[in-house]
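# Survey of secondary and tertiary structure
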Amino acid sequence: MAILEIVQHPSPILTESCKPVTDFGDALQNLLDDMYETMVDADGIGIAAPQVGEAIRAAIVDLGEGQDPIWLINPEVVATGGKETEVEGCLSFPGLYGEVERPYHIKVHAQDRDGSWYELEAEDYEARAVLHEIDHLNGILFDSKIIRVVTEEELQAAEEEDEEE
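What you are looking at is a predicted structure, and each value in this text was computed from that prediction instead of being measured.

One open sheet accounts for 3 strands, arranged 4-5-8; its pairing is antiparallel. With partners counted over all chains shown, the strands left at the sheet margins are strand 4 (84-89) and strand 8 (146-150), one partner each. Going from strand to strand, the sheet's axes swing by 30 degrees on average, the running direction of each strand aside. The strands touched by helix 2 (residues 124-137) are strand 4 and strand 5 (97-102); relative to strand 4, the strand with the most contacts, the crossing angle is about 60 degrees.

Right, dumping it as structure tokens:
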């Protein structure tokens, strides 16, 4: 496995609509392993293939809460419900954080890394992370959805407040 370079905004690949994955062979498996290692190394909770220079519909979400990683290959959102506004960041936008409104509950149809289809229902933070990564696969960047930019100082203060509770 290898740590890959994370593509930074304004690279054009980040705004491309990605091609579906059709080959689930060794090349994809190696890419997914490298993406996962890169995400963990960057202290991220999600990463999409265009963020490592590959315009294919593959992404990973791992909230690190004892759950297995979510492998999102050829994902499609099939249902959403509710709304929630929370702060997001992105590995391709170092130092940029902002409040983004997203659905609170989602249902997604996707393929696992072996090509088998599954349905995922997620809510709250997990739903937000999944939608953020699916946006990457559609060439949509989170900076276009920011309602209000949040400074690193505000983010730090909020984290300290959460620790006190």
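To continue, consider the side chain of Arg113. In this fold, Arg113 is placed in the loop between strand 6 (105-111) and strand 7 (117-123). On the accessibility criterion, Arg113 (17% relative accessible area) is buried. What Arg113 contacts, discounting residues up to four positions off in sequence, is Phe24, Leu28, Gln29, Leu32, Asp33, Trp71 and Ile73.

Once that is clear, we can look at the sheet that holds strand 6. Working definition: the strands of a sheet are paired by backbone hydrogen bonds and lie parallel or antiparallel to each other. Across the sheet, 5 strands lie side by side as 1-2-3-6-7; this open sheet has antiparallel pairing. Taken across any chain shown, the strands that pair with only one partner, and hence form the sheet edges, are strand 1 (46-48) and strand 7. Between one strand axis and the next, the sheet turns by 35 degrees as a mean value, whatever way the strands run. By the bridge criterion, 6 bridges tie strand 3 (residues 70-81) to strand 6 in an arrangement that is antiparallel. Counterpart to Ala79 in the pairing with strand 6 is Lys107.

Turning to the UniProt feature "active site" (unreviewed entry) in the protein, a few remarks are in order. Here the UniProt feature "active site" (unreviewed entry) sits at Glu133. Assignment of secondary structure puts Glu133 in helix 2. Taking relative accessible area as the criterion, Glu133 reaches 5% and is therefore assigned buried. Contact partners of Glu133, with chain neighbours within four places excluded, come to Gly46, Ile47, Ala48, Gln51, Ala59, Ile60 and Val61.

To continue, consider helix 1 (residues 26-41). Taking 1.5 Å per residue, 16 residues should reach 22 Å; helix 1 reaches 22 Å between its end C-alpha atoms and fits that length. Turning to helix 1, its buried residues are Leu28, Gln29, Leu31, Leu32, Asp34, Met35, Thr38 and Met39. The first or second residue beyond helix 1 is Asp43, which carries a positive phi of 60 degrees.

This brings us to the state of the cysteines. In total, this model carries 0 disulfides according to the counting rule given. No disulfide involves Cys18; its sulfur sits 13 Å from that of Cys90, the nearest cysteine. On the accessibility criterion, Cys18 (7% relative accessible area) is buried.

Moving on to the nonpolar core. Counting residues in hydrophobic clusters, the biggest one holds 28 residues, and the most contacted among them are Val61, Ile70, Leu72, Ile106, Val108, Val130 and Phe142. Counting only elements with at least two residues in this core, the list comes to strand 2 (58-61), strand 3, strand 6, strand 7 and helix 2. When residues of this core are assigned to their parent elements, the largest contribution, 6 residues, is made by helix 2. Not counting residues within four places of it along the chain, the set of residues in contact with Ile70 comprises Ala59, Ile60, Val61, Tyr118, Leu120, Glu126 and Val130. Counting residues in each nonpolar core, the second largest holds 15 residues, with Leu31, Ala49, Ile60 and Leu91 among its members.

Basis of the calculations
- Residues numbered from 1 in each chain as written.
- Predicted model: local features only at pLDDT ≥ 70, side-chain atom pairs only at ≥ 80, totals over all residues.
- Heavy atoms only, no water.
- Pairing = 2+ DSSP bridges.
- Helix = DSSP H or I, 4+ residues; strand = E, 2+ residues; numbered from the N terminus.
- Axes fitted to C-alpha atoms, helices over the stretch in contact; angles between N-to-C directions.
- Contact = heavy atoms within 4.5 Å.
- Buried < 20%, exposed > 50% of the residue type's maximum accessible area, 1.4 Å probe, protein only.
- UniProt positions renumbered as here; feature names shortened; annotations may be inferred.
- Expected span 1.5 Å × (residues − 1).
- Disulfide = S-S within 2.5 Å.
- Core = buried A, V, L, I, M, F, W, Y, C linked by side-chain atoms within 4.5 Å.

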